[in-house]
Amino acid sequence: MIDMHPPPAYVQIAQKQTPGASQPLQLVPSQPPQPAAAPSPPPPTPAPDQIQPPPPGDIQPERIEVTPLDVGRYLPPTATYATIIVTVVPPTGTVEIYVPGSEDAPVIFRGPKTAGEIRLNGPTAYVRLKDGATSYEVEYLNWREP
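To start, this report covers the structure provided alongside it. Computed from a predicted model, the values in this text were never measured in an experiment. (Residues numbered from 1 in each chain as written. Predicted model: local features only at pLDDT ≥ 70, side-chain atom pairs only at ≥ 80, totals over all residues. Heavy atoms only, no water.)

**Section: unusual backbone geometry**
Here is step 1: Residues V89 and P90 are joined by a peptide bond in cis, for which omega reads -10 degrees.
Here is step 2: Within the fold, P90 resides in the loop between β2 (81–89) and β3 (94–98).
Here is step 3: Residue P112 follows G111 across a cis peptide bond; omega there is 0 degrees.
Here is step 4: Positioned with a positive phi, D131 is a non-glycine residue whose angle comes to about 55 degrees.
Here is step 5: Judged by its relative accessible area of 57%, D131 falls in the exposed class. (Helix = DSSP H or I, 4+ residues; strand = E, 2+ residues; numbered from the N terminus. Buried < 20%, exposed > 50% of the residue type's maximum accessible area, 1.4 Å probe, protein only.)

Right under this line is the structure:
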């Protein structure tokens, strides 16, 4: 028996801009409050040679491990779609499968077992393990040819 799950909810993600190598973090020490009677001079701006970029250990890009999945071993080279069942270990994990060119729109398989259809454009697909998933198993049910 195949466990079917509802489609994933689409969520809008807000991203906070973080300083990178092209945007050094500039910190200016705060000035103690001055009496309102006398206008205070603007705080000194550090000279360009005094601005130091953050140490490389503080800002690191997110590392996502991707493993290739050789679908050409099990399906004919003319297949354009494949119906598969993915078993995820542990059952609370998630597996994302995508093909080159569609990295931004992976097919999501939630544990413990989910069936789905992936689009193919070559003999290789790629797998990302997310939400604590440590391993996966793929069963090929069917494929479509043009």
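After that view, the rundown keeps rolling.
**What to know about the packing of aromatic side chains**
Here is step 1: Summed over all chains, the structure comprises 2 aromatic pairs.
Here is step 2: The cationic tip of R144 hangs over the ring face of Y81; the distance from NZ or CZ to the ring centre is 4.3 Å. (Phe/Tyr/Trp six-rings, centres within 6.5 Å; stacked < 30°, edge-to-face > 60°. Lys NZ or Arg CZ within 6 Å of the ring centre and 35° of its normal.)

**Describing the pattern of salt bridges**
Two side chains of opposite charge can pair, provided their charged atoms sit close to one another.
Here is step 1: Scanning the model with the defined rule gives 4 salt bridges in all.
Here is step 2: R128 is paired through a salt bridge with E96; the nearest N and O atoms lie 3.1 Å apart. Taken together, the residues span a long stretch of sequence, with R128 in strand β6 (residues 124–130) and E96 in strand β3 at a distance of 32 residues.
Here is step 3: Residue R128 is classed as buried on the basis of its relative accessible area of 12%.
Here is step 4: Note on E96: relative accessible area 8%, which makes it buried. (Salt bridge = Lys/Arg side-chain N within 4 Å of Asp/Glu carboxyl O.)

**Some points on the nonpolar core**
Here is step 1: I84, V86, I97 and L120 are the most contacted members of the largest nonpolar core, which totals 18 residues.
Here is step 2: Elements with a minimum of two residues in this core: β2, β3 and β6.
Here is step 3: Ranked by residue count, the leading element in this core is β2, at 4 residues.
Here is step 4: If near-sequence neighbours (up to four positions away) are discounted, I97 is found in contact with L69, I84, V86, P106, V107, F109, I118, A125, Y126 and V127. (Core = buried A, V, L, I, M, F, W, Y, C linked by side-chain atoms within 4.5 Å. Contact = heavy atoms within 4.5 Å.)

**A look at the sheet that holds strand β4 (residues 107–110)**
By way of backbone hydrogen bonds, the strands of a sheet pair with one another, either parallel or antiparallel.
Here is step 1: With antiparallel pairing, the 4 strands of this open sheet are ordered in space as β1-β6-β3-β4. The open sheet is flanked by β1 (66–70) and β4, the only strands paired with a single partner. Put simply, the sheet's adjacent strands are angled 30 degrees from each other on average, direction ignored.
Here is step 2: Sheet topology places β3 next to β6; 5 bridges connect them, and they run antiparallel. Within β6, the residue paired with E96 across the bridge is R128. (Pairing = 2+ DSSP bridges. Axes fitted to C-alpha atoms, helices over the stretch in contact; angles between N-to-C directions.)

**Description of the side chain of R128**
Here is step 1: In this structure the side chain of R128 is engaged in a polar contact, spanning 3.3 Å, whose partner is the backbone oxygen of E103.
Here is step 2: Beyond its immediate chain neighbours, meaning those up to four positions away, R128 contacts I64, E65, V66, T94, V95, E96, Y98 and E103. (Polar contact = N/O pair within 3.5 Å; in protein donor to acceptor, adjacent residues only side chain to side chain.)

**Regarding the sheet that holds strand β5 (residues 113–119)**
Here is step 1: The strand order β5-β2-β7 describes an open sheet built from 3 strands, whose pairing is antiparallel. Every other strand in the sheet has two partners, leaving β5 and β7 (135–144) as the edge strands with one partner each. Direction aside, neighbouring strands of the sheet carry axes that sit 25 degrees apart on average.
Here is step 2: Here β2 runs beside β5; their pairing, made up of 7 bridges, is antiparallel. Across the sheet, I84 pairs through a bridge with G116, a residue of β5.

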